[in-house]
Amino acid sequence: MARRPSKHLRPARPLSTSLARAETKRDGDWVVQAMVGGRSTKQYTCPDCHRSIPAGAAHVVAWPRTPHVGAASAVDDRRHWHTACWNRRG
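Now for a quick tour of the structure. (Residues numbered from 1 in each chain as written. Predicted model: local features only at pLDDT ≥ 70, side-chain atom pairs only at ≥ 80, totals over all residues. Heavy atoms only, no water.)

Regarding the sheet that holds strand E6 (residues 79-81)
Point 1. Spatial ordering of the open sheet is given by E1-E2-E5-E6, a layout of four strands whose pairing is antiparallel. Sheet topology places strand E1 (21-25) and E6 at the edges, where each strand pairs with a single neighbour. Neighbouring strand axes in the sheet, compared pairwise and without regard to direction, differ in orientation by 40 degrees on average.
Point 2. Relative to strand E5 (residues 59-64), strand E2 (residues 28-35) is paired through six bridges, and the arrangement is antiparallel. In the sheet register, Ala 34 faces E5, and the bridge partner there is Val 60. (Pairing = 2+ DSSP bridges. Helix = DSSP H or I, 4+ residues; strand = E, 2+ residues; numbered from the N terminus. Axes fitted to C-alpha atoms, helices over the stretch in contact; angles between N-to-C directions.)

Some remarks on the packing of aromatic side chains
One pair of aromatic rings is described through two measures. These are the centre distance and the angle between the planes.
Point 1. Applying the stated criterion to the full structure yields two aromatic pairs.
Point 2. Between Trp 30 and Trp 86, the ring centres sit 5.6 Å apart and the planes meet at 75 degrees, which makes this aromatic pair edge-to-face. On the criterion of sequence distance, the pair formed by Trp 30 in strand E2 and Trp 86 in helix H1 (residues 83-88) is long-range, its members being 56 residues apart. Both residues of the pair, Trp 30 and Trp 86, belong to the buried class.
Point 3. Ring centres of Trp 81 and Trp 86 lie 5.2 Å apart, and the angle between their planes is 70 degrees; this geometry places the pair in the edge-to-face category.
Point 4. Assessed through its relative accessible area of 8%, Trp 81 is described here as buried.
Point 5. Following the ring pairs from residue to residue traces out a cluster consisting of Trp 30, Trp 81 and Trp 86. (Phe/Tyr/Trp six-rings, centres within 6.5 Å; stacked < 30°, edge-to-face > 60°. Buried < 20%, exposed > 50% of the residue type's maximum accessible area, 1.4 Å probe, protein only.)

Function cannot be inferred from these measures alone, as they are strictly geometric.
If you want it as structure tokens, here you go:
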């Protein structure tokens, strides 16, 4: 039976925007999607407070509306934030 290619060699999947909303912050326009508790299976580090977001904790995922120059897609700029840290941003 043939082996599947490594997922790391496949192109990134497009981000789902079905449950996402647009927000404008001081550093630009962002697409924000809430992650409900229990959906995440990995631990992340919040880019604001640098504390961990445990697996299964509710949080938000945000990425710029337009990717930075040289990025293949906005997936490259996606970050996981504590909801309170994201809301505190101006």
